[in-house]
Amino acid sequence: MPKKTLSAMAWLCIFIVAFVGHPVWPQKPPKRKTPAELTVPACCEEAKELKAQIANLSSLLSELSQKQERDWVSVVMQVMELESSSKRMESRLTAAESKFSEMNNQIDIMQLQAAQTVTQTSAGRCCLSWRVLSRALSLLQVFCDMETSGGGWTIIQRRKSGLVSFYRDWKQYKQGFGSIRGDFWLGNEHIHRLSRRPTRLRVEMEDWEGTKRHAEYSRFALGNELNSYRLFLGNYSGSVGNDALSYHNNTAFSTKDKDNDNCLDKCAQLRKGGYWYNCCTDSNLNGVYYLLGEHNKHLDGITWYGWHGSSYSLKRVEMKIRPEDFRP
Ligand SMILES: [Ca+2]
């Protein structure tokens, strides 16, 4: 045999051995189960069980939704009940408030009558302070002028030392600040309450040369807080010559945090006080206190335009009120 033929035969043998020895060769395809061999009874049991579970769940859901509906109705009923009880409480509160306000009015009248009596029995004394009940039933101390023009004046504002800043916010002007023996503002709420009956206002001023002037107004009143403590003034009389407060008549009160004035500027911030700023001032009695030497340079000082102009800050000011029907 030629060498080439031997080699070809050897290769053929290797191929046959390799082919026959392959693991796939002897395997037969897996035998399929016939439908009869499927586990039919087990499957049906499971389906039945699932169906029962679904039925249970739906009945549970329906029960839950019914319960939720019942709860919702009960919540709505409770809310309605609460609303009606809150309305009842509100009306009771309103009634109590109006009673309280009525009592306060009585107290106002009593305190003003007391002021009159005290004045009549203490004429000649320099000054006297007495205690009156304020709205919150706390004690409010006031300072009285028992001498000027027959006395009977309750002082509502004083500037004489410059130790108290008058550049304050709404709340402070509402409640009052300072010391009644020094510089102070009695408080818009108190002034409003004290001026409920016909009241007269007197403004006394002194310049740095020691000259004194005054202005008086009939029918002085301050509106309530809802009315922004609006100023109401009647007729002017006095020795100061020019009336510089009537420009502020029928004007709301403004502070640095509440701009109620009648122009685009914020007058309270420009004039550094709390006042019935119109647009802005003819007087600025709650302005900055400037000492002699500094008193004639600023527009935000304690000014009365009709007397010393817009840049002269006065040395001393007092605002005081007394009942219109007061007789010394
Ligand atoms: Ca303004």
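By the naming in an unreviewed UniProt entry, the protein chain goes by Angiopoietin like 7 and is assigned to Sus scrofa. Recorded under Subcellular location (unreviewed entry), the UniProt text for the protein chain is reproduced unchanged: "Secreted".

Enquirer: Give a description of the packing of aromatic side chains that names residues and reports values.
Expert: A complete count under the given rule lists 13 aromatic pairs for this structure. Summarising the aromatic geometry, the rings of Tyr 173 and Phe 177 are spaced 5.0 Å apart at their centres and angled 90° between planes, so their arrangement reads as edge-to-face. When sorted by exposure, Tyr 173 lands in the same class as Phe 177, which is buried. Judged by centre distance (5.7 Å) and plane angle (65°), the ring pair of Tyr 173 and Trp 185 falls under edge-to-face. With a gap of 12 residues between them, Tyr 173 in helix 3 (residues 170–175) and Trp 185 in strand 5 (residues 184–185) connect regions that are remote in the sequence. Ring pairs connect the aromatic residues Phe 166, Trp 170, Tyr 173, Phe 177, Trp 185, Tyr 229, Phe 253, Tyr 275, Trp 276 and Tyr 277, which therefore count as one cluster. For Arg 159, the ring lying beneath its charged end belongs to Phe 166, and the centroid distance is 3.7 Å. Above the ring of Phe 177, the side-chain terminus of Arg 168 is found at 4.4 Å from the ring centroid.

Enquirer: How would you sum up the coordination of the calcium ion? Please name residues and give values.
Expert: Donor atoms from the polypeptide that coordinate the calcium ion comprise Asp 259 (OD), Asp 259 (OD), Asp 261 (OD), Cys 263 (O) and Asp 265 (O), at 2.2 to 2.7 Å from the metal. Along the chain, the residues that donate to the calcium ion are spaced as D-x1-D-x1-C-x1-D.

Enquirer: Help me get a handle on a nonpolar patch on the surface, residues and values and all.
Expert: Nonpolar side chains collect at one region of the surface, where Trp 72, Val 75, Val 76, Val 79 and Met 80 lie side by side and expose about 480 Å² of accessible area between them. Overall, Trp 72 belongs to the exposed group, its relative accessible area being 58%.

Enquirer: Got a sec to walk through the side chain of Glu 204? Specific residues and values, please.
Expert: By the element assignment, Glu 204 lies in strand 6 (residues 199–206). According to the relative accessible area criterion, Glu 204 is buried, its value standing at 18%. Side-chain polar atoms of Glu 204 contact the side chain of Lys 320, separated by 2.8 Å. If we skip the residues at most four places from it in the chain, Glu 204 touches Asp 145, Thr 148, Arg 213, His 214, Arg 316, Val 317, Glu 318 and Lys 320.

Enquirer: Tell me about the environment of Ile 180, residues and numbers included.
Expert: One can find Ile 180 in the loop between strand 4 (177–178) and strand 5. When its relative accessible area of 16% is taken as the criterion, Ile 180 is described as buried. When the C-alpha positions of Ile 180 and Arg 158 are compared, they lie 8.1 Å apart, and in sequence the two are 22 residues distant.

Enquirer: Residue-level account of the nonpolar core, with values.
Expert: By size, the foremost hydrophobic cluster in this structure holds 48 residues, and its most contacted members are Trp 185, Leu 201, Val 203, Phe 220, Leu 245, Trp 304 and Met 319. Top element by residues in this core is strand 7 (residues 212–222). It accounts for 4 residues. Setting aside residues no more than four positions away along its own chain, Val 203 makes contact with Arg 213, His 214, Ala 215, Leu 245, Leu 285, Trp 304, Val 317, Glu 318 and Met 319.

Cut-offs applied
- Residues numbered from 1 in each chain as written.
- Predicted model: local features only at pLDDT ≥ 70, side-chain atom pairs only at ≥ 80, totals over all residues.
- Heavy atoms only, no water.
- UniProt positions renumbered as here; feature names shortened; annotations may be inferred.
- Phe/Tyr/Trp six-rings, centres within 6.5 Å; stacked < 30°, edge-to-face > 60°.
- Buried < 20%, exposed > 50% of the residue type's maximum accessible area, 1.4 Å probe, protein only.
- Helix = DSSP H or I, 4+ residues; strand = E, 2+ residues; numbered from the N terminus.
- Lys NZ or Arg CZ within 6 Å of the ring centre and 35° of its normal.
- Donors = N, O, S within 2.8 Å, 3.2 Å for Na, K, Ca; no water.
- Patch = residues over 30% accessible without salt bridge, like charges linked within 9 Å, V, L, I, M, F, W, Y side chains within 5 Å.
- Areas by Shrake-Rupley, 256 points an atom, 1.4 Å probe, with all protein chains shown as cover.
- Salt bridge = Lys/Arg side-chain N within 4 Å of Asp/Glu carboxyl O.
- Polar contact = N/O pair within 3.5 Å; in protein donor to acceptor, adjacent residues only side chain to side chain.
- Contact = heavy atoms within 4.5 Å.
- Core = buried A, V, L, I, M, F, W, Y, C linked by side-chain atoms within 4.5 Å.

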